[in-house]
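Residues per chain are reported as follows:
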Amino acid sequence: SRGFELQRRAGNFSKAAALERKAIRATAVEAEVEQWTADKLIDASEEFKAKALIKSREQYDEMYKRSVEDPDGFWSDIASEFHWEQKWDSSKPASSWNLDVRKGPIYVEWFKGGKTNIAYNAVDRHVKAGRGGETAILWEGNDVGRDRKLTFQQLQDEVCQVANYLRSIGVKKGDSVTIYMPMLAELPVTMLACMRIGAVHSVVFAGFSADSLAGRMMDSKPRVVLTCSAVRRGNKVIGLKEIVDKAADICSKQGFDVERVLVYDNENAISREKTPWKDGRDEWWQDRIPSFETESPVEWVDAEDPSFMLYTSGSTGKPKGVLHTTGGYMLGAATSFKYIFDYRPGDVYWCTADCGWITGHTYLTYGPLLNGASIVVFEGVPTYPDAGRCWEIVDKYQVTLFYTAPTAIRALQKSGNSFVTKYSRKSLRVLGSVGEPINPNAWRWYYEVVGDSRCPIVDTWWQTETGSILITPLPGAWPQKPGSATLPFFGVQPAVVDENGREQDGPCSGYLCMKAPPISLMRTLYGDQERYETAYFAPFKGFYFSGDGCRRDEDGYYWLTGRVDDVINVSGHRIGTAEVESALVSHSMCAEAAVVGYDHEIKGQGIYAFVTLMEGVDYSDDLRRQLVTTVRSEIGAFAAPDVIHWAPGLPKTRSGKIMRRILRKIAANQLDELGDTSTLAEPAVVDQLIELRGK
Ligand code: WTA
């Protein structure tokens, strides 16, 4: 019966619609690519290759071969470069796993029995090696002129103080801690402090609303919430403490009381007096943390003990608490960072992601610090005070490695080249892209204008669930085709499967799966192993299913074509259509809602909502605004619909299932491609919808 349940749930995933969408996106990308790459592949210069860690395709092929034929040996060698308080049992295989739902529970283990600590390896190890005086964090505030530098020694001191504080209030190994902070240097410090004591952090992006924060807190039941009074981003001030208070009230009503809230006093945004406060529960960071010792014992944890969780959107239901563990995550993060960014000592690395997303975990915090890199932590936005801010920061800190998202690239491209060319950018060596497919036009601008046709671009594909990058260029090793993430990283074994779950050979397109677990793959969904199995392993038996469509070309390069499920990728942020729909119907005048993605010039995808109102309610712009406000307060501003399309009825099959395929075509204004509508319960609703387009 369990097998049946798995099947039933996997049926949520509408294959016909998915295939179609994938095909559309693939063709669009293909057409654009052809224009530019017909005559040239983009390769790194001979000078770059000569100095690169991986200098050629042959060198990669050899390492890759070993990584898939002898993964235990490959990763054991790498693991030995880190500190293990107790080594794993090397008389047994380093890894053990099952990805096939027919063969029993899904599990993945690496180096089980070994004891280590990620924070120790990311901070103390460098201090012990005499690098305590080197720069760890270069913090740049929202406002020009506010900045701060922390050496590895100072970072270690602060991490220890916060770790001691957490211990003093009773936080222990395995306890959950919620972090709802803006991009202060204290954010990575707090994450590392949790890791140091074996507590499991759950960072919630500070753009999420009180409702979303509360939902995540109800799921993970944190011992403490760490936050900040308020933050200034661009010209806006956002009262984070107020949001935490609201979330705590929501939790209280549902039977969970937050015992303690530690608040960083950000006087640059709000005064202490104006910050909402609850005596007995709340305390100021600045009043507590400095009084703690700058030494603190390390909690040695098992390689398979949890390291952190991070909520992400799925195609159905509430957000999923992706749970990562310690050993595999540490090695995946560190190794991918090293080779993909071609890291060498002395590099200054800047990832523009927020720590609230997985990129901010693996490639702002853990990956680079595990390598001893100096990282830039930026509090502001790329367009404040103007669109030259990123390049000003690059020059100021002599940034060598830069990692951002296509949506930011497109937005900056729109602002014009003069904001870029005004700055030198000579320090840059490697440019990275993440979060969504990068269109060749943006790729070319990034390459030619930002990188002066000198810096290789790494278009990196991965997911919250995979923990680290899986498909990616290695900058010195092979030529690029703009728009393609190219080849699998070490140990990664992609499989492109058809709708029946059969692996395809050679050039093909289909669903992107993994036939062996990447070392840093999530180990479960927090408190919901069943959903872990149904969402990722039931759709294609024997494989981990990514939710993405992809094409593999005649050179074996992978082209990611976007999500094939009901997840939308807006500015690189994952949003489930079901979440937006449930936010919309929480408005008293909304009877039903159906949300789809559509191509958006800057955001990659925009949110298009079809809304059916309660009987007798009239359409109005005011109601439109109210609906958008509702989504903002239920989820967060970044999930606000771009379009609200009034829908007297929705196209449904006779069994009541909404035909999103048709809605996507209407949203894209591809009205002559609606396909067969005769199977609809009421074909006339389609004409009504077309009639109301733009009204
Ligand atoms: C998409 C972000 C194309 C993809 C790291 C994936 C990409 C989802 C790329 C994961 C890329 C990420 N090319 N698509 N280089 N990188 N994606 O969990 O659809 O926030 O499934 O992780 O982003 O989003 P997540």
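Note that this is a predicted model, so its numbers are computed, not measured.

Q: For this particular structure, what's the right way to read the overall build of the chain?
A: Helix and strand content of the chain: 22 helices and 32 strands. In terms of overall dimensions, the chain is globule-like: its C-alpha atoms have a radius of gyration of 25 Å, near the 26 Å expected for 695 residues. Within the chain, counting contacts between residues at least 6 apart in sequence, those at least 24 apart form 72% of the total. Accessible surface, the chain as shown: approximately 25700 Å² in total, 48% of it carbon and sulfur. Seen as two clouds, the 82 positive and the 92 negative side-chain charges of the chain have centres 1 Å apart.

Q: Got a minute to help me understand the sheet that holds strand β19 (residues 430-434) in this structure?
A: Note: strands within a sheet are paired through backbone hydrogen bonds, in either parallel or antiparallel orientation. In space, the seven strands of this open sheet follow the order β5-β4-β17-β16-β18-β19-β20, with mixed pairing throughout. Where the open sheet ends on each side, the last strands, each with one partner, are β5 (147-151) and β20 (457-460). Across the sheet, the axes of successive neighbouring strands diverge by a mean angle of 20 degrees, strand direction being ignored. Where strand β16 (residues 348-351) lies against strand β18 (residues 401-404), three bridges are found, and the strand directions are parallel. Paired with tyrosine 349 across the bridge in β18 is leucine 401. The sheet contacts of helix α14 (residues 389-397) involve β4 (135-140), β5, β16, β17 (374-378) and β18, and relative to β4 the element is tilted by about 145 degrees.

Q: Whenever I open this one, the nonpolar core confuses me. Can you help?
A: A general feature of soluble globular proteins is that nonpolar side chains tend to end up buried together. Ranked by internal contacts, the top residues of the largest apolar core, which has 170 residues, are Phe111, Leu155, Leu166, Phe341, Leu474, Leu584 and Val611. Apart from residues lying up to four places away in sequence, leucine 166 is in contact with Val171, Ala193, Cys194, Ile197, Val224 and Leu226.

Q: Can you walk me through helix α15 (residues 406-415) in this structure?
A: Along an α-helix, residues three or four positions apart point the same way, because every turn accommodates 3.6 residues. Taken together, the buried positions of α15 are Pro406, Thr407, Ala408, Ile409, Arg410 and Leu412. Looking at the buried positions of α15, the neighbouring elements they touch are α14, β18, β19, α17 (440-450) and β31 (604-613). Where α15 ends, the next residue or the one after it, glycine 416, has phi of about 105 degrees, a positive value.

Q: Is there a simple way to think about the site of the ligand in this case?
A: If you check the shell around the ligand, you find 17 residues, and the closest are Asp459, Thr460, Thr464, Asp548 and Arg574. Within the backbone of glycine 435, one N or O atom sits 3.1 Å away from a nitrogen atom of the ligand. At a separation of 3.4 Å, a nitrogen atom of the ligand approaches a polar backbone atom of glutamate 436. Among the elements of the structure, α13 (358-370), β20 and β27 (558-563) are those that each provide at least two residues to the shell around the ligand. For the shell around the ligand, the per-class residue count stands at six nonpolar, six polar and five charged.

Q: Even after reading the chapter, I still don't get the pairing of strand β29 (residues 573-576), so can you show me in this structure?
A: The two faces of the sheet receive side chains in turn, since in a regular strand these alternate between them. Taking every second residue as pointing to the same face, both faces of β29 are buried, with His573 and Ile575 on one and Arg574 and Gly576 on the other. Of the pairings in the sheet, the one linking strand β28 (residues 567-570) to β29 comprises four bridges and is antiparallel in character. For valine 570, the partnering residue across the bridge sits in β29 and is histidine 573. The loop that links β28 with its antiparallel partner β29 comprises two residues; one of these, serine 571, has a positive phi angle of about 50 degrees.

Q: Looking at this structure, how should I read the sheet that holds strand β26 (residues 544-552)?
A: Read from one edge to the other, the open sheet built from four strands follows the order β23-β24-β26-β27, with strand pairing classed as antiparallel. Lying at the two open borders of the sheet, with one neighbouring strand each, are β23 (494-497) and β27. Neighbour-to-neighbour, the strand axes of the sheet open up by a mean angle of 45 degrees, direction not taken into account. With five bridges connecting them, β26 and β27 associate as antiparallel partners. Looking at the pairing, aspartate 548 lines up with arginine 563 of β27.

Q: What exactly am I supposed to notice about the packing of aromatic side chains here?
A: Two aromatic rings, taken as a pair, are described by how far apart their centres are and by the angle between their planes. The full count for this structure, using the stated rule, is 46 aromatic pairs. Aromatic pair tryptophan 110 and phenylalanine 111: ring centres 5.6 Å apart, planes at 45 degrees, arrangement tilted. Given a relative accessible area of 0%, phenylalanine 111 falls into the buried group. An aromatic cluster is built from Tyr60, Tyr64, Phe74, Trp75, Tyr339, Trp478, Phe489 and Phe490, whose rings are joined through pairwise contacts. Over the ring of phenylalanine 208 we find arginine 216, and its NZ or CZ is 4.1 Å from the ring centre. The side chain of lysine 481 reaches across the aromatic face of tyrosine 557, ending 4.7 Å from its centre.

Q: Explain the confidence of the model for the chain here, please?
A: Close inspection of predicted coordinates is inappropriate for parts of the model with low pLDDT. Summing up the model confidence of the chain, the mean pLDDT is 93 and the portion of residues at 70 or higher is 94%. Below a pLDDT of 50 lies the segment residues 1-17, which in the model reaches 22 contacts outside its immediate sequence neighbourhood of four places, other chains included. The complex prediction reports pTM at 0.93, with the ipTM value standing at 1.00.

Q: What exactly am I supposed to notice about the pattern of salt bridges here?
A: When their charged atoms lie close together, side chains carrying opposite charge are able to pair. Applying the stated criterion across every chain yields a total of 49 salt bridges. Glutamate 47 is the salt-bridge partner of lysine 51, the closest N and O atoms lying 3.7 Å from each other. Here glutamate 47 and lysine 51 lie together in helix α3 (residues 46-51), a separation of four residues that amounts to about one turn. Two residues, lysine 173 and aspartate 305, come together in a salt bridge whose shortest N-O distance is 2.9 Å. Taken together, the residues lysine 173 in the loop between α7 (152-168) and β6 (176-180) and aspartate 305 in the loop between β13 (301-302) and β14 (306-312) connect sequence positions 132 residues apart. Lysine 173 sits in the partly exposed class, given a relative accessible area of 40%. Linked through salt bridges whose partners overlap, the residues forming this network are Glu140, Asp147, Arg389 and Lys396.

Q: Explain the state of the cysteines to me, please; I cannot follow it from the model alone.
A: When the sulfur atoms of two cysteines share a covalent bond, that bond is a disulfide. This model, assessed by the stated rule, comprises zero disulfides. Here cysteine 455 is not cross-linked by a disulfide; its sulfur's nearest cysteine counterpart is in cysteine 390, at 15 Å. Judged by relative accessible area, which is 0%, cysteine 455 ranks as buried.

The rules behind these values
- Residues numbered from 1 in each chain as written.
- Predicted model: local features only at pLDDT ≥ 70, side-chain atom pairs only at ≥ 80, totals over all residues.
- Heavy atoms only, no water.
- Helix = DSSP H or I, 4+ residues; strand = E, 2+ residues; numbered from the N terminus.
- Rg over C-alpha atoms; globule rule 2.2 N^0.38 Å.
- Contact = heavy atoms within 4.5 Å.
- Areas by Shrake-Rupley, 256 points an atom, 1.4 Å probe, with all protein chains shown as cover.
- Lys, Arg positive; Asp, Glu negative; His and termini not counted.
- Charge placed at Lys NZ, Arg CZ, Asp CG, Glu CD.
- Pairing = 2+ DSSP bridges.
- Axes fitted to C-alpha atoms, helices over the stretch in contact; angles between N-to-C directions.
- Core = buried A, V, L, I, M, F, W, Y, C linked by side-chain atoms within 4.5 Å.
- Buried < 20%, exposed > 50% of the residue type's maximum accessible area, 1.4 Å probe, protein only.
- Near = heavy atom within 4 Å.
- Polar contact = N/O pair within 3.5 Å; in protein donor to acceptor, adjacent residues only side chain to side chain.
- Nonpolar A, V, L, I, M, F, W, Y, C, P; charged D, E, K, R; others polar.
- Phe/Tyr/Trp six-rings, centres within 6.5 Å; stacked < 30°, edge-to-face > 60°.
- Lys NZ or Arg CZ within 6 Å of the ring centre and 35° of its normal.
- pLDDT = per-residue confidence, 0-100.
- Salt bridge = Lys/Arg side-chain N within 4 Å of Asp/Glu carboxyl O.
- Disulfide = S-S within 2.5 Å.

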